[in-house]
Amino acid sequence: MVEQSSIKNTRRLTETAVMIALAIGLSYITIYTLPMGGSITLFSQVPIIIIGYRYGMKWGILTGIIYGILSMLLQGLGNFAYVKGIVSYLILILADYVVAFMCLGLGGAMFKKAVKNQTVALGLGAFVASLLRFICHFISGVTIWGEYADGWKSVWAYSLGYNGSYMGAEAVISIIGVVLLSLVLDFNKVDLKKKKA
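This report concerns the structure included in the present document. (Residues numbered from 1 in each chain as written. Predicted model: local features only at pLDDT ≥ 70, side-chain atom pairs only at ≥ 80, totals over all residues. Heavy atoms only, no water.)

**Considerations on the nonpolar core**
Judged by nonpolar contacts, the single largest core of 42 residues is most densely connected at Ile49, Tyr67, Leu92, Leu104 and Trp145. Those elements giving two or more residues to this core turn out to be α1 (2-27), α2 (46-55), α3 (57-76), α4 (86-110), α5 (118-143) and α6 (155-184). The element best represented in this core is α5, accounting for eight residues. Setting aside residues up to four positions removed in sequence, Trp145 forms contacts with Met36, Asn79, Tyr82, Val83, Leu92, Asp96, Ser140 and Tyr158. (Core = buried A, V, L, I, M, F, W, Y, C linked by side-chain atoms within 4.5 Å. Buried < 20%, exposed > 50% of the residue type's maximum accessible area, 1.4 Å probe, protein only. Helix = DSSP H or I, 4+ residues; strand = E, 2+ residues; numbered from the N terminus. Contact = heavy atoms within 4.5 Å.)

Structure (structure tokens):
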């Protein structure tokens, strides 16, 4: 029994590490990058959403947090040059990275028990995860990036327009990605077997 549990834990850790690495790799494949951060990527949210779906809310949240921290360290340290003060740094860390990407794992797990159809559950999860991530970036835009709102009627409109422009596309791409994968793979199976036609 202990050996079986050890095998399950090793599988989960290995799969999670691979999916985080895949998400980071995909985040470098950008379709469009905005000048002050934020980009439209090729399915980079999908691996974290799938981990949340496969292993539940707690594991999905933890995976999202780790992915957020790694994203910040690998791609986001330059953003700290644009903000000043400890409060701004905390908002940047939490709203643009840690909590924002935590939402991906949360969204992946959110509908697994409530919706029996895997494809629908993952599609809804990708939508909610993207919406929650957008809210995090919107808050960051209003609180610490507002000085870049020149030409906008308000900082609220600026944050909505700026963050909505890339997060809307990320949501659509993520929904397409999880739906297509769900049509061919059964994420409820341990070995990710192909679905029966």
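**Let's talk about the packing of α3 against α4**
Closest axis-to-axis distance for the α3/α4 pair is 7 Å, and the angle between their directions is 145 degrees. Classified by chirality, the crossing of α4 by α3 is right-handed. Along the contact surface, α3 presents Met57, Gly60, Ile61, Gly64, Ile65, Tyr67, Gly68, Ile69, Ser71, Met72 and Gly76, while α4 presents Ile93, Tyr97, Val98, Phe101, Met102, Leu104, Gly105, Leu106, Ala109 and Met110. Of the residues belonging to the contact of α3 with α4, the class tally is 15 nonpolar, six polar and no charged. (Axes fitted to C-alpha atoms, helices over the stretch in contact; angles between N-to-C directions. Left-handed = near helix turned anticlockwise from the far one by under 90°. Nonpolar A, V, L, I, M, F, W, Y, C, P; charged D, E, K, R; others polar.)

**Comments concerning the side chain of Asn79**
Tracing the backbone shows Asn79 in the loop between α3 and α4. Ignoring sequence-local partners within four residues, the contact set of Asn79 consists of Met36, Leu92, Tyr97 and Trp145.

**Focus: the packing of α2 against α3**
Viewed as axis vectors pointing N to C, α2 and α3 meet at an angle of 155 degrees, and their least axial separation amounts to 7 Å. Taken together, the axes of α2 and α3 are roughly antiparallel relative to one another. α3 is crossed by α2, and the crossing has right-handed handedness. Every residue of α3 that contacts α2 at Ile48, Ile51, Gly52 and Tyr55 is listed here: Met57, Trp59, Gly60, Thr63, Gly64 and Tyr67. When grouped by side-chain class, the residues that make up the contact of α2 with α3 number six nonpolar, four polar and no charged. (Parallel < 35°, antiparallel > 145°, perpendicular 65-115°, else oblique.)

**Digging into the pairing of strand β1 (residues 30-33)**
As paired strands, β1 and strand β2 (residues 39-41) are joined by three bridges and run antiparallel to one another. Each bridged residue has a counterpart across the sheet, and for Thr33 the counterpart in β2 is Ser39. Where β1 folds back on β2, the antiparallel hairpin that results is connected by five residues, among which Gly37 adopts a positive phi of roughly 100 degrees. (Pairing = 2+ DSSP bridges.)

**Here we look at the packing of aromatic side chains**
Across all of its chains, the model carries nine aromatic pairs by this definition. Between Tyr82 and Trp145, the aromatic rings sit 6.4 Å apart at their centres with planes inclined by 55 degrees, giving tilted as the arrangement. Taken together, the positions of Tyr82 in the loop between α3 and α4 and Trp145 in the loop between α5 and α6 put the pair 63 residues apart, joining distant regions of the chain. On the basis of relative accessible area, Trp145 is assigned to the buried category, the value being 7%. (Phe/Tyr/Trp six-rings, centres within 6.5 Å; stacked < 30°, edge-to-face > 60°.)

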